[in-house]
Amino acid sequence: MKPAITVKDLYVSYHGSEALHNINFSIEQGKMYGIIGPNGAGKSTLLKAILELIPRDKGEIHLLEKPLREIRKKIAYVPQRNDIDWTFPINVLDTVILGTYPELGLLRRPKKHHKDWAFHCLEKVGMESFYKRQIGELSGGQQQRIFLARALAQKAELFCLDEPFVGIDVTSEEMIVAILQELRNLGKTILVVHHDLSKADSYFNELMLLNKELIQIGSVSEVLKPDVMMKAYESQLPFLQMKRGAI
Ligand code: ADP
Ligand code: MG
């Protein structure tokens, strides 16, 4: 097996309050993984810690068998919607061109072939006719497609997406899933934070169930078992029962 991500003894806390506790796992390249777990389980924190966007208290992380600093250009990240400043004045094409910076370098002006490549990536997500629009003017689904185009422009090996399907239309969701599956079939590794359990079995090869600790990692059928799921969602049960009772 060729490891895509190896995490050993990972601990993360915010101002002394623990968000991730003793996380250990290794996942293989060429598969699509879902990270599931209740609100506040540390799903976003796990992605950010893996990408060293936040400091960790402890732990060793290897991506594609290397430390992040040696492989950063090969990792694409699409943050959770509310982590993005949508009022930032930038148009669609320039947003996608940002994805070419690992090749271009931050201080150089993009050349025609960078623009052409970015445009091609926009075509791939069906958004080429919007290339001059400001990103803030687009719908949620369109914005998510632009961020996927930016990840494609980066020619990454590992794609990390945080709740990409939240607040988007069905067409955008289907298109994004199809592109991610195509990337997976080309041998890329895809990691998606996801909370809609109903689609988990059709979207992912394997699941990681998180609630501060890694509760289970394995095939969809291994993870979506009631006794396993209960361990993560237990604290939400009174709320779920109350909702059911209210119907
Ligand atoms: P999830 O993505 O699974 O909903 P998060 O990783 O966002 O969970 O959050 C995990 C825990 O860490 C939560 O209790 C959350 O309130 C806390 N947390 C997340 N980000 C911060 C932050 N920037 N500062 C302080 N606490 C945070
Ligand atoms: Mg989150």
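Look above for the structure.
Residues numbered from 1 in each chain as written. Chains lettered and ligands numbered in written order. Predicted model: local features only at pLDDT ≥ 70, side-chain atom pairs only at ≥ 80, totals over all residues. Heavy atoms only, no water.

Considerations on helix 1 (residues 43–50)
Next up, step 1: By the criterion of burial, helix 1 is predominantly enclosed, with 8 of the 8 residues buried.
Next up, step 2: Looking one or two residues beyond helix 1, the residue adopting positive phi is Glu52, at roughly 55 degrees. (Buried < 20%, exposed > 50% of the residue type's maximum accessible area, 1.4 Å probe, protein only. Helix = DSSP H or I, 4+ residues; strand = E, 2+ residues; numbered from the N terminus.)

Focus: the site of ligand 1
Next up, step 1: As a structural note, the neighbourhood of ligand 1 is formed by Tyr14, Ala19, Pro38, Asn39, Gly40, Ala41, Gly42, Lys43, Ser44 and Thr45.
Next up, step 2: Within the backbone of Gly40, one N or O atom sits 2.8 Å away from an oxygen atom of ligand 1.
Next up, step 3: Here Gly42 contributes a backbone N or O atom positioned 3.0 Å from an oxygen atom of ligand 1.
Next up, step 4: Placement of ligand 1 is best described as lying within the largest pocket. (Near = heavy atom within 4 Å. Polar contact = N/O pair within 3.5 Å; in protein donor to acceptor, adjacent residues only side chain to side chain. 1 Å grid on protein atoms, 1.4 Å probe; cavity = no way out; pocket = protein on both sides within 12 Å on 5 of 7 lines; lining within 4 Å. Sits in = over half its atoms within 2 Å of the grid points.)

Some words on the coordination of the magnesium ion (ligand 2)
Next up, step 1: The coordination sphere of the magnesium ion (ligand 2), as far as protein atoms go, consists of Ser44 (OG) and Gln80 (OE1), spread over 2.1 to 2.6 Å. Here Ser44 is found in helix 1, whereas its partner Gln80 is found in the loop between strand 5 (75–78) and helix 3 (92–97), with 36 residues between them in sequence.
Next up, step 2: When its relative accessible area of 17% is taken as the criterion, Ser44 is described as buried. (Donors = N, O, S within 2.8 Å, 3.2 Å for Na, K, Ca; no water.)

What about the layout of surface pockets?
Next up, step 1: In this model, the largest pocket occupies a volume close to 470 Å³.
Next up, step 2: If you trace the largest pocket, you find 24 residues lining it, with Pro38, Asn39, Gly40, Lys43 and Glu163 closest to the centre.
Next up, step 3: Looking at the lining of the largest pocket residue by residue, the classes come out as 8 nonpolar, 11 polar and 5 charged.
Next up, step 4: Approximately 400 Å³ is the volume found for the second largest pocket.
Next up, step 5: Secondary structure elements with two or more residues in the lining of the second largest pocket: strand 5 and helix 6 (140–153).
Next up, step 6: No other element matches the 3 residues that strand 5 contributes to the lining of the second largest pocket.
Next up, step 7: Taken together, the residues of the lining of the second largest pocket sort by class into 10 nonpolar, 2 polar and 3 charged. (Points joined across faces, edges and corners; volume = space filled by probe spheres on them. Nonpolar A, V, L, I, M, F, W, Y, C, P; charged D, E, K, R; others polar.)

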